[in-house]
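What follows is the residue order along each chain.
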Amino acid sequence: DELAKNPGIQAVAMASWEVGAYYGSWDNLKDKKDSTKEMRIDYISASPNFVKTLGMKIIDGRDFSTEHSNDVLSLRELWDKHLPDDEYMRYRNIKSIILNQQAVKALNLKLPVGTVLTEGVHGTVVGVVEDFNGLSLHKKVTPVILTCSEDQNEVTRVFIRISPKNTQKSIAYISSEWKKFY
């Protein structure tokens, strides 16, 4: 919130993704096309303005928004309430997710937006982003699923988009604010 007050800072988001190292979490799922194989799906937990902050391109559907309760639904809070399994799974299946193009292909989805995923991957697809490579440019782009979270135990990395004007001044401001808080 403090960083966003500076006119040289265009957007601020948080996520589980450590650029160049890992996206946050991952899972192996049975390959829909060949059940003898497994495929890796990476997950990024991110604050609602993450897609905008990184300048990712939504190619189908919409971005996350705090105006949609299923986008910011906290599965961790629901888990902590010890809900019956069927009730918790119902929430897990309505939780909004955004897929990259590789995830759409891996999950073999023809019309992804609006699809409710209930096997292996859980959630309701609200958007699709253009593929991006956040690990190594020597590796193939992997299927990635974005989930929206404001839980600071999940979203531990800060992403800042600054104006190209006065970058040194903006970086100095970020540094001073960082020192104030940490």
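### Focus: the overall build of the protein chain
For the protein chain, the helix and strand inventory stands at five helices and nine strands. Its helices and strands in sequence order give the protein chain the pattern β-β-β-α-β-α-α-β-α-β-β-β-β-α, from N to C terminus. For a compact globule of 182 residues, the expected C-alpha radius of gyration is about 16 Å, and the protein chain comes in at 18 Å, within 12% of that figure. A principal-axis box enclosing the C-alpha atoms of the protein chain has dimensions of 55 × 40 × 25 Å. Contacts spanning at least 24 positions in sequence make up 72% of the contacts within the protein chain whose residues lie at least 6 apart. One finds the centroid of the 24 positive side-chain charges in the protein chain at a distance of 7 Å from the centroid of its 24 negative side-chain charges.

### A word on the nonpolar core
Counting 18 residues, the largest nonpolar core has Trp-17, Ile-44, Phe-50, Met-56, Phe-132 and Leu-146 as its most contacted members. When contributions to this core are tallied by element, the ones reaching two or more residues are strand E1 (9-15), strand E3 (38-46), helix H1 (50-54), strand E7 (121-129) and strand E8 (144-148). A total of three residues in this core trace back to one element, the largest contributor, which is E8. Ignoring sequence-local partners within four residues, the contact set of Met-56 consists of Trp-17, Phe-50, Val-51, Val-129, Phe-132 and Leu-146. Counting residues in each nonpolar core, the second largest holds 16 residues, with Ile-97, Leu-99, Ala-103 and Leu-109 among its members.

### Details of the packing of aromatic side chains
Tallied over the entire structure, the rule returns eight aromatic pairs. An aromatic cluster is present here, built from Trp-17, Tyr-23, Phe-50, Phe-132 and Phe-159 joined pairwise through their rings. The ring of Tyr-91 carries Arg-90 above its face, with NZ or CZ at 4.7 Å from the centroid.

### Remarks on helix H5 (residues 167-181)
When the terminal C-alpha atoms of H5 are compared, their 21 Å separation across 15 residues agrees well with the 21 Å that a helix rising 1.5 Å per residue should span. When we look at burial in H5, the residues that qualify are Ser-170, Ile-174 and Glu-177. On an axial view of H5, the arc spanned by its buried residues comes to 70°, and they lie on one face. Across from the buried face of H5, at angles greater than 90 degrees, the exposed residues are Gln-168, Lys-169 and Lys-179. Elements in contact with the buried residues of H5: E1 and strand E9 (157-162).

What counts and how
- Residues numbered from 1 in each chain as written.
- Predicted model: local features only at pLDDT ≥ 70, side-chain atom pairs only at ≥ 80, totals over all residues.
- Heavy atoms only, no water.
- Helix = DSSP H or I, 4+ residues; strand = E, 2+ residues; numbered from the N terminus.
- Rg over C-alpha atoms; globule rule 2.2 N^0.38 Å.
- Contact = heavy atoms within 4.5 Å.
- Lys, Arg positive; Asp, Glu negative; His and termini not counted.
- Charge placed at Lys NZ, Arg CZ, Asp CG, Glu CD.
- Core = buried A, V, L, I, M, F, W, Y, C linked by side-chain atoms within 4.5 Å.
- Buried < 20%, exposed > 50% of the residue type's maximum accessible area, 1.4 Å probe, protein only.
- Phe/Tyr/Trp six-rings, centres within 6.5 Å; stacked < 30°, edge-to-face > 60°.
- Lys NZ or Arg CZ within 6 Å of the ring centre and 35° of its normal.
- Expected span 1.5 Å × (residues − 1).
- Arc of directions from axis to C-beta.

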